[in-house]
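Below, each chain spelled out in residue letters.
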Amino acid sequence: MSVQYFRLASGQSENYVTNQACTQFCKLVEERTDGSVIIEPYFDNSLGTEDEMLEQCRFGGIDFVRVSAAGASKYAPQLTALQMPYEYLSDKHLFRVLDGDIGRTALDSLDAADLDGLTYFYAGFRCFFSTEQVLDSLDKMDGLCLRVSSSSFMPDLVRQWGAQAVSLSGSDLAAALRSGQVDGAEDNLPTYVDSGYYRLAPYWVYDRHTYNADLLIASKSSMEQLTDEQRKVIADCAAEAAQWQREHWINAEVRAMMHASRSGCYMALMDSDEAERFRAAAQPLYETLTEEQKNIVLAISELADSGEQ
């Protein structure tokens, strides 16, 4: 029996809940192909930054990558419309989008970049954390230097709130916090703890400015090396791993919150009136979208349940 070997690349540690799902995906593929397809996972950005991993995946240098929707949006502009600030009213609202036609069409749009979008992983809600004070009011954002993701809208969003946006890879953020190059950043709770940011920036605010998703993506050239049956196995295993990850995410958030709190981090809620100020300041970003993106945003809003309004 001939055996084909592939590589999967991802950031964060092997203990990160989404990487545990990636490991499960690799195991499921090996089992269901009777060992004819073996996918070896590489974590902790060992094969490059998110941008570098994606670029390698386009040309088959890496076969599978787990990246943020923000990172993938440079190759699929539809994804930008799926991650706008204050777009979702709940995680259930997000799941309706990801699991439906909107989410599938956005994944399929990666095809033009020689990428095969397999599935979404839930990436929770993103919040701000900082080194000196809790960022629970718009006034406190004034003049700060904040690291942002590679999302097309986050630099503009931070500037709307009065801060300076600094683009850095996740692997460079810890050093930037330690040196004072940035005053804070934004991410989800499991990443905040898994990457050790909580030790350097112990002030966390539950502002929930975005609900987000990660993507599991395959290189089109790598998938073309497989039979139709093997490709179906990979698609099925990706869907199963994504469901497993979604079921385990809430426990990962709770564990991260408890670990940060017990380590002395200040975990603050944001006042509803102050949250509305942040929301209002973010609205001009929606006007910068293309007509196609605006139509997607409208379709997303129509999927909100009446009880969530």
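Everything below is about the structure printed above this text.
Described in the following lines is the structure provided in the data block. (Residues numbered from 1 in each chain as written. Predicted model: local features only at pLDDT ≥ 70, side-chain atom pairs only at ≥ 80, totals over all residues. Heavy atoms only, no water.)

## Points about empty space enclosed by the protein
Over the atoms rolls a probe the size of a water molecule, and in doing so it shows where empty space is left.
At step 1: Here the structure, examined in full by the defined rule, presents 2 cavities of 30 Å³ or more.
At step 2: There is about 50 Å³ of room inside the largest cavity.
At step 3: Gln 83, Arg 126, Phe 153, Thr 210 and Asn 212 are the residues nearest the centre of the largest cavity, which is lined by 10 residues in total.
At step 4: Looking at the lining of the largest cavity residue by residue, the class counts come to 3 nonpolar, 5 polar and 2 charged.
At step 5: Roughly 30 Å³ of volume is contained in the second largest cavity.
At step 6: Lining the second largest cavity, in full, are Ala 69, Leu 82, Leu 94, Leu 98, Tyr 120, Asn 212 and Ala 213.
At step 7: Going through the elements one at a time, helix 4 (91–98) and strand 8 (203–219) are the ones with two or more residues in the lining of the second largest cavity. (1 Å grid on protein atoms, 1.4 Å probe; cavity = no way out; pocket = protein on both sides within 12 Å on 5 of 7 lines; lining within 4 Å. Points joined across faces, edges and corners; volume = space filled by probe spheres on them. Nonpolar A, V, L, I, M, F, W, Y, C, P; charged D, E, K, R; others polar. Helix = DSSP H or I, 4+ residues; strand = E, 2+ residues; numbered from the N terminus.)

## Here we look at the pattern of salt bridges
At step 1: Per the counting criterion, the structure on display carries 18 salt bridges.
At step 2: Arg 231 is the partner of Asp 228 in a salt bridge, and the nearest nitrogen-oxygen pair spans 2.3 Å. Of the two residues, Asp 228 and Arg 231 both sit in helix 11 (residues 228–262), 3 residues apart, roughly one turn of that helix.
At step 3: Several salt bridges converge on common partners, so that one network encompasses Asp 111, Asp 114 and Lys 220. (Salt bridge = Lys/Arg side-chain N within 4 Å of Asp/Glu carboxyl O.)

## Considerations on the nonpolar core
One recurring pattern in soluble globular proteins is that nonpolar side chains are buried together.
At step 1: By size, the foremost hydrophobic cluster in this structure holds 87 residues, and its most contacted members are Leu 82, Trp 161 and Tyr 192.
At step 2: Aside from chain neighbours lying at most four places away, what touches Trp 161 is Tyr 86, Phe 128, Leu 138, Met 141, Asp 142, His 209, Phe 278, Ala 281 and Ala 282.
At step 3: Membership of the second largest hydrophobic core comes to 24 residues, among which are Cys 26, Leu 216, Val 233 and Ala 241. (Core = buried A, V, L, I, M, F, W, Y, C linked by side-chain atoms within 4.5 Å. Buried < 20%, exposed > 50% of the residue type's maximum accessible area, 1.4 Å probe, protein only. Contact = heavy atoms within 4.5 Å.)

## Side note on helix 1 (residues 17–32)
At step 1: Its 16 residues place the ends of helix 1 23 Å apart at the C-alpha level, agreeing with the 22 Å of an ideal helix rising 1.5 Å per residue.
At step 2: Looking at helix 1, one finds that the buried residues are Val 17, Thr 18, Asn 19, Ala 21, Cys 22, Phe 25, Cys 26, Leu 28 and Val 29.
At step 3: Buried residues along helix 1 sit in contact with strand 1 (4–10), strand 2 (37–42), strand 3 (64–68), strand 4 (115–130), strand 8 and helix 11.
At step 4: One or two positions beyond helix 1, positive phi appears at Asp 34, with a value near 55°. (Expected span 1.5 Å × (residues − 1).)

## A word on the side chain of Glu 186
At step 1: Considering the arrangement of structural elements, one finds Glu 186 in strand 7 (residues 184–187).
At step 2: The class of Glu 186 is buried, set by a relative accessible area of 1%.
At step 3: A polar contact of 2.8 Å, which involves the side chain of Glu 186, links it to the side chain of Arg 126.
At step 4: At 2.8 Å, the side chain of Glu 186 and the side chain of His 209 are in polar contact.
At step 5: If we skip the residues at most four places from it in the chain, Glu 186 touches Arg 126, Cys 127, Phe 128, Phe 129, Arg 147, Val 148, Ser 149, Met 154 and His 209. (Polar contact = N/O pair within 3.5 Å; in protein donor to acceptor, adjacent residues only side chain to side chain.)

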